[in-house]
Amino acid sequence: MAAPYLRTRPALQAALRPLAPKPRLQSFPRRPNSTTTPTTTTTATPTEPTIAAVVDPSSLSRRLKLSAYATALAAVLGVGYYYATDTRASVHQYLVPRLLRTVFPDAEEAHHVGTAALKGLYETGLHIRERVPESANGPLSVNVFGKQLLNPIGISAGLDKDAEIPDPLFALGAGVVEVGGCTPFPQEGNPKPRVFRIPSVDGLINRYGLNSRGADAMATRLRERLRKFARSVGLTDNEVLNEEGTDGIPPGSLHPGRLLCVQIAKNKKTDEKDVNAVIRDYVYCVDKLAPYADVLVVNVSSPNTPGLRDLQATEPLTKLLSAVVDAAQQTKRKTKPRVMVKVSPDEDDDTQMEGVVEAVWNSGVDGVIVGNTTKRRTGIVPKGVKLIDDEPKILHEEGGFSGPALFDRTVSLIGRYRKMLDGYALKSESDKSPAQKVLFASGGITNGEQALRVLNAGASVAMVYTAMVYGGSGTITRIKTEMKEKLADKSA
């Protein structure tokens, strides 16, 4: 039976073949317009490119457009960067301060945001800076404590309470930056709210109460700052402190032609009547902070610490300043930090001022900063200016007032202190003429003309604070520009 089946199998396969499914062929990409055969190959010559090598005109156009857009964007970003980070940019005067006041009604919160912004931008290299270089022999150069400063404009204490942003502030063009006030141990200060704006008179009232993280915390920050600088120039900490291999750069500021002042004060809980306890507070601060300061500032004039201004009486002030000077001389550094005392603008009768002058000379202090915020409220509002909204109420908030209204008093006090300090020196019985005491002016300075007036009255440095709150990051540059213009006009 098998044989017939085998014989019929080929015939059966032939009959069923048309009904079988056709096998699928694997598809391959076709070569466009290819005329080659499996047995022939064409090779393009340099003078005869293949069609595949020809660039599509529309693709080339798109590439050129993208390149142009990228170049334009890069140019816009570059110009925007240089504009936004230049202290001369008007946005820093007219937009940013108003924006901060609008977004942050609480002045202290706006202060913290501004400090954090300056710190963060500096760390990323995107900080605001003065781009016009200054010369050591420029028209604004001045000699202070044997150092040739690039300019006589400073930033008062309060803006950088905990020494977090001295370098960003120097970048804004200041010749002097004062950080603090710093107390020996941390303290919270007075209850919030404690800072109030009065925009109609560009004024501030604050009753911070010397809120501070303490001398140890500030010393840690300043020490780390010094170590970073030392590493960046390939030196040790001690070499920087002793100005070895730094070309005379001050060990406090770490910037040529600039000085760093560190303001110190007593803790609120320390009884001001216990002079020895007060002295221990200040000396503790000196021991911790003196290595990192070019100038130590003894604050005995804050109106927001009860009894602090009582230390301006001649006897306790002499004891306190003498102790601070002695402690500063023990600083393990080649150049010892100078010592200044910051006095109140409210203790302005001749007897009070003469007592301060006597204490300054008898203690060996190097100079005086005149002055601080005022507790007085008379003469704050100029004629023709009307306070709006809740400003009349704010004006009578407890605390110290600062703003342009203090300027005339500052000029007067500088002139009087200059006369008294120089007159006391003439009474010296020493054969050697004593060095002239240095004066810094602080209070109401907002423009170049006012800065020149306090300098001509006898100050070596004009310091600002509230002017920066309302005038923005370009305030220092603007004041210096106005000063140069005034000096040029006089010499013409």
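Residues numbered from 1 in each chain as written. Predicted model: local features only at pLDDT ≥ 70, side-chain atom pairs only at ≥ 80, totals over all residues. Heavy atoms only, no water.

J.: Lay out the environment of tyrosine 284 with the relevant residues and their values.
T.: Within the secondary structure, tyrosine 284 is located in helix H9 (residues 275-289). The class for tyrosine 284 is partly exposed, based on a relative accessible area of 25%. On a C-alpha basis, the gap between tyrosine 284 and phenylalanine 185 in space is 9.3 Å, while along the polypeptide they are 99 residues apart. Leaving out residues up to four positions away in the same chain, tyrosine 284 has contacts with Pro184, Phe185, Ala215 and Asp216. (Helix = DSSP H or I, 4+ residues; strand = E, 2+ residues; numbered from the N terminus. Buried < 20%, exposed > 50% of the residue type's maximum accessible area, 1.4 Å probe, protein only. Contact = heavy atoms within 4.5 Å.)

J.: Describe the sheet that holds strand S10 (residues 367-370), with residues and values.
T.: Pairing within the closed barrel is parallel, and its eight strands lie in the order S3-S4-S7-S8-S9-S10-S12-S13. On average, each strand axis in the sheet is tilted by 25° relative to the strand beside it, whichever way the strands run. Inspection of the sheet shows strand S3 (residues 153-155) paired to strand S4 (residues 176-182) by two bridges, in the parallel sense. Looking at S4, one finds that isoleucine 155 is bridged to valine 177. (Pairing = 2+ DSSP bridges. Axes fitted to C-alpha atoms, helices over the stretch in contact; angles between N-to-C directions.)

J.: Lay out the packing of helix H13 (residues 407-426) against helix H14 (residues 448-456) in plain terms, naming residues and giving numbers.
T.: The contact between H13 and H14 brings their axes to 8 Å, and the two run at 20°. Considering the angle they form, H13 stands roughly parallel to H14. Contact residues: H13 offers Phe407, Asp408, Thr410, Val411 and Ile414, while H14 offers Gln450, Arg453 and Val454. Of the residues in the contact of H13 with H14, the class split is four nonpolar, two polar and two charged. (Parallel < 35°, antiparallel > 145°, perpendicular 65-115°, else oblique. Nonpolar A, V, L, I, M, F, W, Y, C, P; charged D, E, K, R; others polar.)

J.: Give a description of unusual backbone geometry that names residues and reports values.
T.: Of note, the amide linkage connecting glycine 180 to glycine 181 takes the cis form, showing an omega dihedral of 0°. On the secondary structure map, glycine 181 appears in strand S4. In this structure, the amide linkage connecting lysine 192 to the following residue, proline 193, adopts the cis form with an omega of -5°. The topology assignment puts proline 193 in the loop between S4 and strand S5 (195-198).

J.: Which residues make up the pattern of salt bridges, and what values do they have?
T.: Evaluated as defined, the whole model comprises 24 salt bridges. The closest approach of N and O atoms between glutamate 134 and arginine 258, which form a salt bridge, is 3.8 Å. You can see glutamate 134 sitting in the loop between helix H5 (107-123) and strand S1 (142-144) and its partner arginine 258 sitting in the loop between helix H8 (237-241) and strand S7 (259-264), a full 124 residues away along the chain. Overall, glutamate 134 belongs to the partly exposed group, its relative accessible area being 21%. Note on arginine 258: relative accessible area 13%, which makes it buried. (Salt bridge = Lys/Arg side-chain N within 4 Å of Asp/Glu carboxyl O.)

J.: Give a description of empty space enclosed by the protein that names residues and reports values.
T.: Under the definition given, this model contains one cavity of 30 Å³ or more. Taken as a whole, the largest cavity encloses approximately 450 Å³ of empty space. In terms of lining, the largest cavity is formed by 33 residues, of which the most central are Ala157, Asn206, Asn372, Thr373 and Tyr465. At the level of elements, S4, strand S13 (461-464) and helix H15 (466-471) are the ones that each hand at least two residues to the lining of the largest cavity. Partitioned by chemical class, the residues of the lining of the largest cavity number 11 nonpolar, 20 polar and two charged. (1 Å grid on protein atoms, 1.4 Å probe; cavity = no way out; pocket = protein on both sides within 12 Å on 5 of 7 lines; lining within 4 Å. Points joined across faces, edges and corners; volume = space filled by probe spheres on them.)

J.: Would you mind going over the nonpolar core in detail, with residue names and values included?
T.: Residues Val262, Tyr282, Leu289, Leu320 and Val341 are the most contacted members of the largest nonpolar core, which totals 90 residues. With residues near it in sequence (within four places) discarded, tyrosine 282 still touches Ile264, Ala265, Lys266, Val298, Asn299, Val300, Leu308, Leu311, Leu320 and Val324. With 15 residues, the next largest nonpolar core counts Leu149, Cys261, Ile369 and Phe440 among its residues. (Core = buried A, V, L, I, M, F, W, Y, C linked by side-chain atoms within 4.5 Å.)

J.: For the layout of surface pockets, give the residues involved together with the corresponding values.
T.: When its volume is computed, the largest pocket comes out at roughly 750 Å³. Around the largest pocket sit 32 residues that line it, and Val96, Leu100, Ala110, Gly114 and Ser473 are the ones nearest its centre. Those elements giving two or more residues to the lining of the largest pocket turn out to be helix H2 (57-84), helix H4 (96-103), H5, S5 and H15. Looking at which element gives the most residues to the lining of the largest pocket, the answer is H5, with nine residues. The class makeup of the residues in the lining of the largest pocket is 23 nonpolar, seven polar and two charged.

J.: Just give me the short version of a nonpolar patch on the surface, but keep the residues and values in it.
T.: A grouping of Leu95, Val96, Leu99 and Val103 is seen on the molecular surface, where their side chains present a nonpolar patch of about 330 Å² in accessible area. Structurally, the position occupied by valine 103 is in helix H4. The exposure class assigned to valine 103 is partly exposed, which follows from its relative accessible area of 48%. (Patch = residues over 30% accessible without salt bridge, like charges linked within 9 Å, V, L, I, M, F, W, Y side chains within 5 Å. Areas by Shrake-Rupley, 256 points an atom, 1.4 Å probe, with all protein chains shown as cover.)

J.: With reference to specific residues and values, describe the packing of aromatic side chains.
T.: The final tally for this structure, using the stated rule, is three aromatic pairs. Centroid distance tyrosine 81 to tyrosine 82: 5.2 Å. Interplanar angle 80°. Geometry classified as edge-to-face. Residue classification places tyrosine 81 among the partly exposed positions, given a relative accessible area of 27%. Between the aromatic rings of phenylalanine 185 and tyrosine 284, the centroid separation amounts to 5.0 Å while the plane-to-plane angle is 40°, which identifies the pairing as tilted. Of this pair, phenylalanine 185 sits in the loop between S4 and S5 while tyrosine 284 is found in helix H9, placing the two residues 99 residues apart along the sequence. (Phe/Tyr/Trp six-rings, centres within 6.5 Å; stacked < 30°, edge-to-face > 60°.)

By themselves, these figures tell us nothing about what the structure is for.
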